[in-house]
Amino acid sequence: MQTVIGRIDRALDMTGTIVDAIEDGRLSAATPCAKWDVRAVLNHLVGGMRLFAAELAGTDPVGAYDDWLGADPQVAYAAAAEIDRAAWGRLDVPWSEVNLPIGTATAPEAALVHLTEVVVHGLDLAIAIDRPDLADDDLSAELLAAMAEAGGVETFRKPGMFGPEIAISPDAPAHLRLMAYLGRTV
């Protein structure tokens, strides 16, 4: 569990660097997450971090469900990341059950879902703002390996969370292989 929590910390850092690189004029840019622009992906990500943190802490999330970003998306992300990081760092989290929209999960299962959200939406944002250089390929490769070890993501393809896998060169950077595995075109 500590390995996944460490990866969540790395994912929050990677995505924070990407969020800091988003210029105001890019908030309406298209993303690999087909129906959402940069602002919508970032709003979903910040909301998800706040909801996970609240669930882990047994509290209500702080923020507005329709607009988690307010006037300053970078500040909103940074605040949510710190709350999220603190929640995953609690000593009792590894033994918790977590209620997710898809059902109840053990903390390790929920941590992998959350790690996937933070990494993949971070990559969505990096690609949308033409900054794939900010992607953490080591973290992307580790997430791909963790997904394979967990049996893949087929369960999540059925409700439409991920599309069908897209063929890509095995020599492509890990972040692109991860996106292709999850059905995102880049």
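Note that the structure is a prediction, hence the values are computed from the model and not measured.

To continue, consider the pattern of salt bridges. One pass over the full model with this rule turns up 10 salt bridges. Measuring nitrogen to oxygen at the nearest pair gives 3.3 Å for the salt bridge that ties Arg85 to Asp9. Taken as a pair, Arg85 in helix H3 (residues 73–88) and Asp9 in helix H1 (residues 2–20) lie far apart in primary sequence, 76 residues in all. Since its relative accessible area comes to 27%, Asp9 is described here as partly exposed. One salt bridge in this structure joins Arg10 and Asp136, with 3.8 Å as the shortest N-O distance. Here Arg10, found in helix H1, pairs with Asp136, found in the loop between helix H4 (107–128) and helix H5 (137–149); they are 126 residues apart in sequence, far enough to count as distant. The class for Arg10 is partly exposed, based on a relative accessible area of 31%. On the accessibility criterion, Asp136 (22% relative accessible area) is partly exposed. One network of salt bridges, in which partners are shared, links Arg7, Arg10, Asp136 and Glu142.

One pass over the structure, following the stated rule, counts one aromatic pair. Considering the side-chain rings of Phe52 and Trp88, the 5.9 Å spacing of their centres and the 40° angle between planes classify their relative orientation as tilted. One end of the pair, Phe52, is in helix H2 (residues 38–57); the other, Trp88, is in helix H3, with 36 residues separating them in the sequence. The burial state of Phe52 is the same as that of Trp88; both residues are buried.

When a protein is soluble and globular, its nonpolar side chains tend to lie buried together. Core analysis: the largest hydrophobic core is formed by 58 residues, its most contacted members being Tyr77, Val119, Leu125 and Leu178. Look past the residues within four positions of Leu178 in its chain and what remains in contact with it is Val119, Val120, Leu123, Ser140, Leu143, Leu144 and Met147.

Here we take up the packing of H5 against helix H7 (residues 174–181). When two helices pack together, you describe them by how their axes are tilted relative to each other and by the distance separating the axes. Contact geometry for H5 and H7: axes closest at 7 Å, N-to-C directions at 35°. Classified by chirality, the crossing of H7 by H5 is left-handed. Contacts between H5 and H7 pair Asp137, Ser140, Ala141, Leu143, Leu144 and Met147 from the former with Ala174, His175, Arg177, Leu178 and Tyr181 from the latter. Within the contact of H5 with H7, the residues separate by chemical class into seven nonpolar, two polar and two charged.

This next bit is on H3. Here H3 is 16 residues long and its end C-alpha atoms lie 22 Å apart, about the 22 Å a rise of 1.5 Å per residue gives. When we look at burial in H3, the residues that qualify are Pro73, Gln74, Ala76, Tyr77, Ala80, Ala81, Asp84, Ala87 and Trp88. Relative to the axis of H3, the buried residues are bounded by an arc of 150° and lie together on one face. Across from the buried face of H3, at angles greater than 90 degrees, the exposed residues are Val75 and Ala86. Looking at the packing, one finds that the buried side of H3 touches H1, H2 and H4. You can read the cap of H3 off the contacts: a side-chain oxygen lies 3.2 Å from the backbone nitrogen of Gln74, and it is on Asp72.

We note that Asp130 has phi near 60°; this positive angle belongs to a residue other than glycine. Mapped onto the fold, Asp130 is located in the loop between H4 and H5. On the basis of relative accessibility, which here comes to 55%, the residue Asp130 falls in the exposed class.

So, on to the environment of Ala40. Along the chain, Ala40 turns up in helix H2. Residue classification places Ala40 among the partly exposed positions, given a relative accessible area of 25%.

Bringing the pairing of strand S1 (residues 97–100) into the picture now. Where a strand is regular, its side chains alternate between the two sheet faces. In S1, alternate side chains face the same way, and those of Val98 and Leu100 are buried while those of Glu97 and Asn99 on the opposite face are not. In this structure, S1 lies alongside strand S2 (residues 103–106), joined through four bridges in antiparallel fashion. Each residue of the ladder has a partner; that of Asn99, found in S2, is Thr104. What sits between the antiparallel neighbours S1 and S2 is a turn of two residues.

Rules used in this analysis
- Residues numbered from 1 in each chain as written.
- Predicted model: local features only at pLDDT ≥ 70, side-chain atom pairs only at ≥ 80, totals over all residues.
- Heavy atoms only, no water.
- Salt bridge = Lys/Arg side-chain N within 4 Å of Asp/Glu carboxyl O.
- Helix = DSSP H or I, 4+ residues; strand = E, 2+ residues; numbered from the N terminus.
- Buried < 20%, exposed > 50% of the residue type's maximum accessible area, 1.4 Å probe, protein only.
- Phe/Tyr/Trp six-rings, centres within 6.5 Å; stacked < 30°, edge-to-face > 60°.
- Core = buried A, V, L, I, M, F, W, Y, C linked by side-chain atoms within 4.5 Å.
- Contact = heavy atoms within 4.5 Å.
- Axes fitted to C-alpha atoms, helices over the stretch in contact; angles between N-to-C directions.
- Left-handed = near helix turned anticlockwise from the far one by under 90°.
- Nonpolar A, V, L, I, M, F, W, Y, C, P; charged D, E, K, R; others polar.
- Expected span 1.5 Å × (residues − 1).
- Arc of directions from axis to C-beta.
- Polar contact = N/O pair within 3.5 Å; in protein donor to acceptor, adjacent residues only side chain to side chain.
- Pairing = 2+ DSSP bridges.

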